[in-house]
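Architecture and fold: a report
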Amino acid sequence: MENTGHLEELLRPIIEQQDCRLYELNWLNGSDHTLQVAITKNDGTMDLDTCALVSEKLSEYLDNSDLIKIAYTLEVCSPGAEREVKDLNELRNTTTTPYIFVRLIHPVKKHKELTGSLVEYKEDGTMRLEYRDKAAKRIAEFEDTNIEFIRYAVKF
């Protein structure tokens, strides 16, 4: 199968022309050879119409090239509501207040895991997260270098 790094390089401009960005590109395990392309709109949202449009553009490009020499299925999808944040700059560029889950390397206020609203992300790498601790709202401040894992979370 085609090297995903090379495919990413070729498909990224097509995706970006649709006001989207490539989140992840993978060949899925199994017998049907599925190329999964996960995308988000530049504002962090996603909808079915955008997935269909990007799928159409990518299919047209791939069908007219000789890049993939096997029978395959193209799947264009959203990376999901609780996707991992792979690039912290994504949090700086959002137009909404992101609700996130963070696992820290070193505890802050006796917490190693926090879920809450990111209220500030300073240029020096300091993050301020509003979270609930029992019935009280609290603010935790930590450096982005203290993050072991971070993903978006769904607020209930």
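Description of the structure in this document.

1. Concerning the layout of surface pockets
Roughly 450 Å³ of internal volume is contained in the largest pocket. For the largest pocket, the lining is made up of 21 residues, of which R21, G44, R83, E90 and Y152 are closest to its centre. Where the lining of the largest pocket is concerned, the elements lending two or more residues are strand 1 (20-28) and helix 3 (89-92). It is strand 1 that provides the largest number of residues to the lining of the largest pocket, a total of three residues. Its residues assigned to classes, the lining of the largest pocket shows six nonpolar, nine polar and six charged.

2. Topic: the sheet that holds strand 4 (residues 99-108)
Taken in spatial order, the five strands make up an open sheet running 7-6-5-4-8, and their pairing is antiparallel. Both edges of this open sheet fall to strand 7 (136-143) and strand 8 (147-152), since each of them pairs with a single strand only. Neighbour-to-neighbour, the strand axes of this sheet turn through a mean angle of 40°, independent of strand direction.

3. Details of the sheet that holds strand 1
Pairing within the open sheet is mixed, and its three strands lie in the order 1-2-3. Edge strands, defined here as strands with exactly one partner in the open sheet, are strand 1 and strand 3 (73-77). Ignoring which end each strand starts from, the neighbouring axes of this sheet average 20° apart. With eight bridges joining them, strand 1 and strand 2 (residues 34-41) adopt antiparallel strand pairing. Bridging across to strand 2, W27 finds its partner in L35.

4. Structural notes on the packing of aromatic side chains
One pass over the structure, following the stated rule, counts two aromatic pairs. The residue whose ring lies beneath K86 is Y23, and the NZ or CZ to ring-centre distance is 4.7 Å. Taking the ring centre of Y121 as reference, the NZ or CZ of R92 above it sits at 3.8 Å.

5. Structural notes on the side chain of E90
Tracing the sequence through the fold places E90 in helix 3. Setting aside chain neighbours within four positions, we find E90 in contact with R21, R83 and Y152.

6. Considerations on the pattern of salt bridges
Throughout the structure, instances matching the rule amount to 13 salt bridges. A salt bridge links R21 to E90, with the nearest nitrogen and oxygen atoms 3.6 Å apart. Of the two residues, R21 sits in strand 1 while E90 sits in helix 3, which places them 69 residues apart along the sequence. Across the salt bridge formed by E24 and K86, the nearest N and O atoms sit 2.9 Å from each other. Separated by 62 residues along the polypeptide, E24 in strand 1 and K86 in the loop between strand 3 and helix 3 bring together distant segments of the chain. Where salt bridges share partners, they join R21, R83 and E90 into one cluster.

Reading the values: the criteria
Residues numbered from 1 in each chain as written. Predicted model: local features only at pLDDT ≥ 70, side-chain atom pairs only at ≥ 80, totals over all residues. Heavy atoms only, no water. 1 Å grid on protein atoms, 1.4 Å probe; cavity = no way out; pocket = protein on both sides within 12 Å on 5 of 7 lines; lining within 4 Å. Points joined across faces, edges and corners; volume = space filled by probe spheres on them. Helix = DSSP H or I, 4+ residues; strand = E, 2+ residues; numbered from the N terminus. Nonpolar A, V, L, I, M, F, W, Y, C, P; charged D, E, K, R; others polar. Pairing = 2+ DSSP bridges. Axes fitted to C-alpha atoms, helices over the stretch in contact; angles between N-to-C directions. Phe/Tyr/Trp six-rings, centres within 6.5 Å; stacked < 30°, edge-to-face > 60°. Lys NZ or Arg CZ within 6 Å of the ring centre and 35° of its normal. Contact = heavy atoms within 4.5 Å. Salt bridge = Lys/Arg side-chain N within 4 Å of Asp/Glu carboxyl O.

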